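# Notes for the structure review
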Amino acid sequence: MRFMDEYRDAGAAREYAAALARTVTRPWTLMEVCGGQTHAIVKFGIDTLLPEGVTLLHGPGCPVCVTPLEVIDRAIAIAEMPGVILCSFGDMLRVPGSHQDLLSVKAGGGDVRIVYSPLDAVKLARENPEREVVFFGVGFETTAPANAMAVYQAAREGVANFSMLASHVLVPPAIEALLASPTCRIQAFLAAGHVCTVMGYTEYEPLARKHQVPIVVTGFEPLDVLQGVLMCVRQLEEGRAEVENQYARSVRREGNAPARELMREVFEIVPRKWRGVGEIPRSGLGLRAAYRAHDAEHRFGVAATEVAEPEECISGLVLQGLKTPHECPAFGTRCTPEKPLGATMVSSEGACAAYHRYRRQPAAARGGGS
Ligand code: SF4
C-alpha cells in the first residue's frame with residue numbers, strides 16, 4: 001500500500017498544481033484518452049486542482065463503452081443459442097443491447113458466465129466438450145495479448161469448441177480520427193500507460209509530429225495524471241510537440257515485444273466501428289484467417305441486426321470530449337448505473353458512471369471551480 005500512497009500524496013499534488021499555475025500563461029485543452037484516468041480524475045478531483053483555463057476532456061478510452069451495439073446484439077444472439085456457454089468480463093454483461101442485455105439472457109435461462117481471464121473460457125471449453133464455449137473479447141491493446149493467447153492455445157491444443165467474438169480496438173487510429181475532426185479542440189493528449197506497456201509509444205511519434213500535438217504517456221494515480229498534465233502544458237507553452245513518457249516505471253519505448261508478437265500471430269488490423277463515434281479505418285483487431293475455426297462471428301453466422309441507440313443518449317459526444325455527462329438531460333434521472341441508457345453509464349470506466357459516482361452535480365451547482 002505504501003507504494004500506492006507515494007502516488008496519492010496530497011502535498012506533492014499541491015506542488016504539481018503550484019508548478020502548473022506558474023507554467024500556464026494561456027488556456028489549454030487536453031484529453032485523457034483512458035477511462036481509468038477519467039475515473040481517477042473525477043474520483044480525486046484532479047481537474048479541480050488545475051489552474052483556470054486548463055481543461056481536461058474525457059476521451060473514448062473505455063473499451064466497454066465503445067463496443068458497438070450491433071456487436072452486443074450479436075453476443076446476445078449467440079448466448080441465446082442452445083448448447084452455448086457465453087463468457088465475458090462482468091461489465092460487458094450489463095451493457096444494454098438494442099432490446100436486452102446479457103444478464104437478461106442469463107435470467108431467462110441462457111448460460112452466460114463471468115470469467116476473469118480468457119484462458120478460463122478455454123478451460124471451460126476443455127471441461128465441456130459437448131458445449132460451444134464463446135468468449136466475448138473486447139478491449140484495447142491492453143487485453144488483446146491475453147485474448148490472443150486464449151485463441152492460440154485453443155488452436156494448438158485442438159480445443160475445437162472454443163471460439164471468440166472479437167471486438168478489439170486500437171488507440172492511435174482513434175487519436176488520429178479525433179484530431180482530424182473539424183470540431184477538434186484537443187491540444188495535447190495523456191496517452192494511456194497500460195496500452196503503452198504493451199505497445200510502447202513509437203506509434204505515437206508520427207502522430208505528434210503530423211498534428212503538432214504533445215502526447216505524454218501517463219499512469220493512473222493522481223500524481224501520475226498531474227505530472228502528465230504538467231508535462232503536456234510545459235510542451236505547449238514551449239511550442240514543442242513530442243512524445244514523452246511520464247510512466248517510465250512501467251513503459252518502455254518499444255513496449256512488450258513477445259506480447260506484440262502474439263497479437264500479430266493471431267490478429268490482423270481491420271476497420272472497426274466505435275460506438276457513438278462511427279467507423280475508424282484500421283482501428284480494430286480481428287482474427288486472422290488461420291484462426292477462423294475459432295472466430296465466433298464466422299462459426300455462428302450471426303448476421304448484422306437492426307440497431308436502435310436510445311435517442312436521448314449523448315454518449316457518443318461524451319466519448320469524443322464534446323459534451324460532459326452533466327450536459328445529458330437523462331443523467332442521474334432516467335439514466336443511472338442501476339438502469340443505464342448508454343454504455344458510458346454501464347461501465348465502471350465510463351465517464352457518465354464516474355460522474356454519477358463521484359460528482360452528481362455540475363461544478364456551478366456545487367459552487368465549485370472546474
Ligand atoms: S447519462 Fe446516460 S443517457 Fe446520458 S450520455 Fe451518459 S449514458 Fe447516455
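Below, the structure is looked at part by part. (Residues numbered from 1 in each chain as written. Predicted model: local features only at pLDDT ≥ 70, side-chain atom pairs only at ≥ 80, totals over all residues. Heavy atoms only, no water.)

### Observations regarding the packing of helix H10 (residues 144-157) against helix H15 (residues 257-266)
Just so we agree on the cut-off: Between the N-to-C directions of two axes lies an angle of 0 to 180 degrees, each axis being a line fitted to C-alpha atoms and, for a helix, fitted only over the stretch in contact. Each helix corresponds to a stretch of at least 4 residues labelled H or I by DSSP, and each strand to a stretch of at least 2 residues labelled E; elements are numbered beginning at the N terminus. When describing relative orientation, an angle under 35 degrees is termed roughly parallel and one over 145 degrees roughly antiparallel, while 65 to 115 degrees is termed roughly perpendicular and anything else oblique. For any pair of crossing helices, the crossing counts as left-handed if the nearer helix is rotated counterclockwise from the farther one by less than a right angle, and right-handed if it is rotated clockwise. Whether two residues are in contact is decided by their heavy atoms: any pair within 4.5 Å suffices.
With their axes 9 Å apart at the nearest point, H10 and H15 run at an angle of 55 degrees to one another. With respect to H15, the element H10 is oriented oblique. The crossing of H10 and H15 is left-handed. Residues Ala144, Pro145, Ala148, Met149, Val151 and Tyr152 of H10 lie in contact with H15, whose contacting residues are Ala259, Leu262, Met263, Glu265 and Val266.

### Examining the pattern of salt bridges
Using the following cut-off: Throughout this description, the term salt bridge denotes a Lys or Arg side-chain nitrogen within 4 Å of a carboxyl oxygen of Asp or Glu. Here's how the labels work: a residue is buried when its accessible area is under 20% of the maximum for its type, exposed when over 50%, partly exposed in between, all with a 1.4 Å probe on protein chains only.
Using the criterion set out here, one finds 17 salt bridges in the structure. The partner of Asp111 in a salt bridge is Arg131, with the nearest N and O atoms 2.8 Å apart. Here Arg131 lies in the loop between helix H9 (118-127) and strand E5 (132-139) and Asp111 lies in strand E4 (residues 111-114), a separation of 20 residues in the sequence. Note that Glu132 and Arg299 form a salt bridge whose closest N and O atoms lie 2.5 Å from each other. Taken together, the residues Glu132 in strand E5 and Arg299 in helix H16 (residues 296-300) connect sequence positions 167 residues apart. A residue is classified by how much of its surface remains accessible, and Arg299, at 26% relative accessible area, is partly exposed.

### Comments concerning the packing of aromatic side chains
To keep things clear, this is the line we draw: Pairing of aromatic rings covers Phe, Tyr and Trp, the last through its six-membered ring, and needs centres within 6.5 Å; plane angles under 30 degrees mean stacked, over 60 mean edge-to-face, and all others mean tilted. Two conditions define a charge sitting above a ring: the NZ of Lys or the CZ of Arg must be within 6 Å of the ring centre, and it must be within 35 degrees of the ring normal.
For the structure shown, the criterion picks out three aromatic pairs. On the numbers, 5.5 Å between centres and 75 degrees between planes, the contact of Phe89 with Phe135 is edge-to-face. One end of the pair, Phe89, is in the loop between strand E3 (84-88) and helix H7 (90-94); the other, Phe135, is in strand E5, and 46 residues separate them in sequence. Judged by relative accessible area, Phe135 falls into the buried class, the value being 0%. With a centroid separation of 5.9 Å and an interplanar angle of 85 degrees, the aromatic rings of Phe220 and Tyr247 are classed as edge-to-face. In this pair, Phe220 is assigned in the loop between strand E8 (215-218) and helix H14 (222-238) and Tyr247 in the loop between strand E9 (243-245) and H15, connecting sequence segments 27 residues apart. Here the basic side chain of Arg26 rests over the ring of Trp28, its NZ or CZ set 4.2 Å away from the ring centre. A cation over a ring is seen here: Arg359 above Tyr355, with NZ or CZ 5.7 Å from the ring centre.

### Structural notes on empty space enclosed by the protein
Our working rule: A 1.4 Å probe that fits but cannot get out identifies a cavity on a 1 Å grid over protein atoms alone, an open set with protein on both sides within 12 Å along at least five of seven lines counts as a pocket, and a residue lines either if it has an atom within 4 Å of a point. Grid points are joined across faces, edges and corners, and a volume is the space filled by probe spheres set on the points. Amino acid classes used here: Ala, Val, Leu, Ile, Met, Phe, Trp, Tyr, Cys and Pro are nonpolar; Asp, Glu, Lys and Arg are charged; the rest, including Gly, are polar.
What the rule picks out here adds up to two cavities of 30 Å³ or more. One number sums up the size of the largest cavity: a volume of about 80 Å³. Surrounding the largest cavity, 14 residues form its lining, Cys313, Cys328, Cys335, Thr344 and Cys352 being those nearest its centre. At the level of secondary structure, the elements contributing two or more residues to the lining of the largest cavity comprise helix H17 (315-319) and helix H18 (343-346). Of the residues contributing to the lining of the largest cavity, the split by class is 10 nonpolar, three polar and one charged. Taken as a whole, the second largest cavity spans an internal volume of roughly 50 Å³. Lining the second largest cavity, in full, are Gly35, Thr38, His58, Gly59, Cys62, Val318, Leu319, Thr344, Glu349, Gly350 and Ala351. Put simply, the parts of the chain that give the lining of the second largest cavity at least two residues each are helix H3 (35-44), strand E2 (54-61) and H17. Looking at the lining of the second largest cavity residue by residue, the classes come out as four nonpolar, six polar and one charged.

### Overview of the state of the cysteines
Put simply, the rule is: Pairs of cysteine sulfur atoms within 2.5 Å are what we label disulfides.
Inspection of the entire model under this criterion finds one disulfide. Sulfur-sulfur distance for the disulfide between Cys62 and Cys65 comes to 2.5 Å. Negative torsions about the S-S bond denote left-handed disulfides, and the value of about 75 degrees found for Cys62 with Cys65 makes this one right-handed. Taking the relative accessible area as the measure of exposure, Cys65 reaches 2% and is therefore buried.

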